[in-house]
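# Coordinates in review
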Amino acid sequence: MFLNELLLPVLMVTFMLTVGAYVVAVLDRLIAGAFGAPQAGSVWLAPMARGAWLMTQHANATEAPDWQAWRLAPALYLALAAIGLAVVPWSESLVATDLVTSVVLWGSVEALATVVIFLHGWSANALLPLIGGYRYVALGLSYILISMFVLIGVALPAESLQFTQVVASQEALWNVLRQPLGLPLFLIVGLGMTFWGPLNLADSADLAGGTASEISGPPRLVWDVARAAMLVAFSGVAASAFLGGWLGPWLPGPLWMAIKMLAVLLVLLLLGRLLPRIAPERCVTLMWVVLLPLSFLDLVWAGIGALL
Amino acid sequence: MAVSWLRKLASRTQVPVFPVLGKQGDRALRYLALSPEIELVDSPRHASVLLIAGEVPADRFEPLRRVHDQLPYPFTTLWFRSEPWPHLENVPRVEKLDELPGALITAHRELMAGQRDSAPRILTDKPPNPWKGEGDFGQGGEGMMGGVPYGRPMAMNMQDDIRDGLTLDSLTFRLGPFFSAFPPGMMAEITLQGDLVQTWSTQLAPYPQSLDPVFFTARERPVPIAELELARARHHLHRLFQALRLAGLENASLDALRLAQNLSTSSTLGGLRRRLVRSGFFRLSSMEGGVLDPEQARQIGGPAARAAGLDDDLRLEDAGYRRLRFSPACQTHGNTRARWQQTLNEIDQSLHLAQQAERDEVYTSEVDRIETPRGPWSEQGPEDASPLLDEVLPGLEWGEALATVASLDVAAVVNEGGGTQTPDELRVVQGGSGNVFK
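Residues numbered from 1 in each chain as written. Chains lettered and ligands numbered in written order. Predicted model: local features only at pLDDT ≥ 70, side-chain atom pairs only at ≥ 80, totals over all residues. Heavy atoms only, no water.

### Overview of the overall build of chain A
Broken down by element type, chain A carries 11 helices and 0 strands. Each helix and strand of chain A, placed in order from N terminus to C terminus, yields the pattern α-α-α-α-α-α-α-α-α-α-α. Computed over the C-alpha atoms, the radius of gyration of chain A is 19 Å, within 12% of the 19 Å expected from 2.2 N^0.38 for a compact globule of 308 residues. In terms of overall dimensions, chain A has a C-alpha envelope of 60 × 45 × 40 Å along the principal axes. The contacts in chain A between residues at least 6 apart in sequence include a share of 79% that link residues at least 24 apart. A total accessible area of about 12000 Å² is found for chain A, and carbon and sulfur atoms account for 76% of it. Positive and negative side-chain charges of chain A, numbering 11 and 15 respectively, have mean locations separated by a distance of 11 Å. (Helix = DSSP H or I, 4+ residues; strand = E, 2+ residues; numbered from the N terminus. Rg over C-alpha atoms; globule rule 2.2 N^0.38 Å. Contact = heavy atoms within 4.5 Å. Areas by Shrake-Rupley, 256 points an atom, 1.4 Å probe, with all protein chains shown as cover. Lys, Arg positive; Asp, Glu negative; His and termini not counted. Charge placed at Lys NZ, Arg CZ, Asp CG, Glu CD.)

Encoded structure:
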């Protein structure tokens, strides 16, 4: 019991956090290089060299920060990424925590991410991080609603809120085809909750790094790893909810899962490099006026599909 | 053992450099942006090396000291074409641009290897203003409100919201003169409500910018229009580089820089323009703000004026340009989007003019009245227009305000050409076609 329900799941999630963050860093560098960013040295070594540098750099102080919250926020975001990774099923039986309510748990990870990101910006007691935090909260509610509708959509045909059941329900037809609006909408949610690329309003260049503009050294390393790990966790959830998870011919289930997660990651990272940061007001308008009604439509579509 | 292994690995990372730009320091910035071993960072907290590029005027020393002390240990400094402060005589200095990346790498590696000590703190670790032990919270005022704790006004809603009536606590602060999204040297006092700019007061004007020497030569004698137009296109591409970087399109920004570096009469803008349109730069980014009325547009001049519908362009008065059938193309909306569309059109137009002028060997005819990429230069060169930001930016969201600042070329132009660069360096930095300095 100790081995199966505690040690192995913890090891599995830790492994995924580490490898996942490394893969994100390497892929992002490869993509940047392919689009013409000047690069020196080995792409494979670069993330580790950067990690080592952040380990040697001191964690700085600002004037009167909320120390506990400031130090805790990166760790909490990493913990949320770990929770996300824990509910991603690699096969019918290979899943760190196969909760019957894992879809709901993922929903709470998305909601809590908003709290943690705001906390990170607010607790630094500095201007630019604070604006980043405010901006994220303005964005957060709009994407969480979209996510909820889209996830209910995939739970309907499975008649379950368990990711393993959601995957099993795609045996005949993957949700990406059954509910064509679902995955594109969910990918936007992913960019939002990881504040990546076009939806990076919290840690953006116009705020000199936003919520992360005042951190250095190990806390910054944790924050960067957490963001990358969250992207991996999100890819896992997207692959399970829409791309049939471990299902696929010839290859073993976990390998299919890895391929599908990599595909989702690649799309997210490409979008991150190809699109400019969306203006916050335009972003919120787009979410409420266009994407939210589309997510209603997706849910109605899924409901009709489930009834027929 | 473990530590030395970690430091050895750390020394192999791209060198994170926070650039503090002095006068004409932006050239070093562009050079480093294309150096693979260097990573330019926007926050001093993210840097290992503080680069002071160009001469920093005395009235910016105090902010420079504060930036210096914001770098986390271990860090080091490098002064490029700049005089270190008296008590920092032993810090490394570099004069040649092509030696700069190497010097930065060496500085970082030596720091990691422990061969170089971390730079010392300059300021004492105490609040900039004393904490007044009066009032409920020691803020120096009555009750919870009032007082200026540590010399800063408290966040209070003293002003009505100018957007939608939802009044939030307003926050007043100063930013600059080394904030990466501002023109080099500019400092402003800003009041925000949420992320909405309530008031903007430019405190320090940006440094006067130097133009390509060909513009100064054109004030003395006729010059080949091909050279002039290539230099104009290059100036606009350099500004586009900054704006794209700010918009989160890093790869496209480097493309703009590379195009500027390799610009010749056979260059075309088509690829970069297509890339920008496809990426959604004109539709998704903050583009609606910063609308200039005709009077404001005229004060700034140049592409900003033409983007607001004014067809003022001194090239119309030049016989050489008339021979090339030049006529200015204008936009009408006068906002950030119009300015970037105008800028791209003008780059395109300059490349076509350069091509034609090179083929027909056309020279300018006017020397007293020339159109620089920054605006008209007749009796006086283009002057500082940064006070205009105080009128244009209130009411905009933060992102929109900064996108507007990036789209407006407000810095004055220095009255003399030259500088401290050799012609070879200018070719490297500005990407001269090779025939510019004949």
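### Considerations on unusual backbone geometry
Omega for the bond connecting B:Tyr73 with B:Pro74 falls within 30 degrees of zero, at -15°, which places this linkage in the cis form. Inspection of the secondary structure assignment puts B:Pro74 in the loop between α3 (61-70) and β4 (76-80). Backbone torsion omega between B:Gly176 and B:Pro177 reads 0°, so that peptide bond is classified as cis. At A:Glu159, a residue that is not glycine, the phi angle is positive and equals roughly 50°. Considering the arrangement of structural elements, one finds A:Glu159 in the loop between α5 (127-158) and α6 (163-168). Classification of A:Glu159 as exposed rests on a relative accessible area of 74%. (Buried < 20%, exposed > 50% of the residue type's maximum accessible area, 1.4 Å probe, protein only.)

### What to know about the sheet that holds strand β6 (residues 170-175) of chain B
Residues and elements named next belong to chain B. An order of β6-β7-β8 is seen for the 3 strands of this open sheet, with the pairing classed as antiparallel. Edge positions in the sheet fall to β6 and β8 (196-204), since each has one partner strand and no second. Taking each pair of neighbouring strands and ignoring which way they run, the sheet shows an average axis angle of 15°. Here 6 bridges tie β6 to strand β7 (residues 187-193), and the two strands are oriented antiparallel to one another. The partner of Arg174 across the bridge, within β7, is Glu189. (Pairing = 2+ DSSP bridges. Axes fitted to C-alpha atoms, helices over the stretch in contact; angles between N-to-C directions.)

### What to know about the domain arrangement of chain B
Residue and element names in this part refer to chain B. Each assigned domain of chain B is listed here: domain 1 (2-113), domain 2 (152-204) and domain 3 (213-430). Counting from both sides, the interface comprises 10 residues of domain 1 and, opposite them, 6 residues of domain 2. Roughly 740 Å² is buried in total at the junction of domain 1 and domain 2, and carbon and sulfur atoms are behind 70% of that figure. Mapped by element, the contributors of at least two residues to the side of domain 1 that touches domain 2 are β1 (15-21) and α3. Looking at the side of domain 1 that touches domain 2 residue by residue, the classes come out as 7 nonpolar, no polar and 3 charged. (Domains from an automatic or database assignment. Buried area = accessible area lost by both parts, 1.4 Å probe. Nonpolar A, V, L, I, M, F, W, Y, C, P; charged D, E, K, R; others polar.)

### Section: the nonpolar core
Grouped together as the largest cluster of nonpolar side chains are 80 residues, with contacts concentrated most on B:Ile190, B:Trp200, B:Leu237 and B:Trp398. A total of 11 residues in this core trace back to one element, the largest contributor, which is helix α6 (residues 225-246) of chain B. Viewed by domain, this core spans two of them, domain 2 (152-204) and domain 3 (213-430) of chain B, each represented by three or more residues. The residues contacting B:Trp200, other than those within four sequence positions of it, are B:Phe182, B:Met186, B:Ala188, B:Glu189, B:Ile190, B:Leu389, B:Asp390, B:Leu393, B:Pro394, B:Trp398 and B:Val405. Residues A:Leu17, A:Trp196, A:Ala226 and A:Leu291 belong to the second largest nonpolar core, which totals 77 residues. (Core = buried A, V, L, I, M, F, W, Y, C linked by side-chain atoms within 4.5 Å.)

### Structural notes on the pairing of β8(B)
Residues and elements named next belong to chain B. Sheet topology note: the β7/β8 ladder contains 7 bridges and is antiparallel. Looking across to β8, one finds that Ala188 is bridged to Thr202. In textbook terms, the turn of a hairpin is the stretch between consecutive antiparallel strands, and for β7 and β8 this stretch comprises 2 residues, one of which, Gly194, has a positive phi near 60°.

### Overview of the sheet that holds β1(B)
Here 5 strands make up an open sheet; going across it, the order is β2-β1-β3-β4-β5 (chain B) and the pairing parallel. With one partner strand each, in any of the chains shown, β2 (38-40) and β5 (93-94) of chain B form the two edges of the open sheet.

### Concerning helix α10 (residues 253-274) of chain A
Taking 1.5 Å as the rise per residue, α10(A) with 22 residues should run 32 Å; its terminal C-alpha atoms sit 32 Å apart, in good agreement. Here α10(A) has its buried residues at A:Gly253, A:Trp256, A:Met257, A:Lys260, A:Met261, A:Val264, A:Leu265, A:Leu268, A:Leu269, A:Gly272 and A:Arg273. At its buried positions, α10(A) is contacted by α1 (2-34), α8 (182-193) and α9 (217-242) of chain A together with α7 (250-261) of chain B. (Expected span 1.5 Å × (residues − 1).)

### Let's talk about the packing of α6(B) against helix α13 (residues 336-360) of chain B
Residues and elements named next belong to chain B. Contact pair α6 / α13: the axes reach a minimum separation of 8 Å and the direction vectors enclose 155°. Taken together, the axis directions place α6 and α13 in an arrangement best described as roughly antiparallel. Considering how the two elements wind past one another, α6 and α13 form a crossing that is left-handed. Contacts from Ile225, Ala226, Glu229, Leu230, Arg232, Ala233, His236, Leu237, Arg239, Leu240 and Ala243 of α6 reach α13 at Trp340, Thr343, Leu344, Glu346, Ile347, Ser350, Leu351, Leu353, Ala354, Ala357 and Glu358. Here the residues of the contact of α6 with α13 are counted per class, giving 14 nonpolar, 3 polar and 5 charged. (Parallel < 35°, antiparallel > 145°, perpendicular 65-115°, else oblique. Left-handed = near helix turned anticlockwise from the far one by under 90°.)

### Some thoughts on the UniProt feature "transmembrane region" (unreviewed entry) in chain A
Residues and elements named next belong to chain A. UniProt marks residues 6-27, 72-91, 103-122, 134-156, 176-196, 228-247, 253-271 and 283-304 with the feature "transmembrane region" (unreviewed entry), using the numbering shown here. A helix fraction of 100% and a strand fraction of 0% characterise residues 6-27, whose end C-alpha atoms lie 31 Å from each other. Structurally, residues 253-271 comprises 100% helix and 0% strand, and the distance from its first C-alpha atom to its last is 27 Å. (UniProt positions renumbered as here; feature names shortened; annotations may be inferred.)

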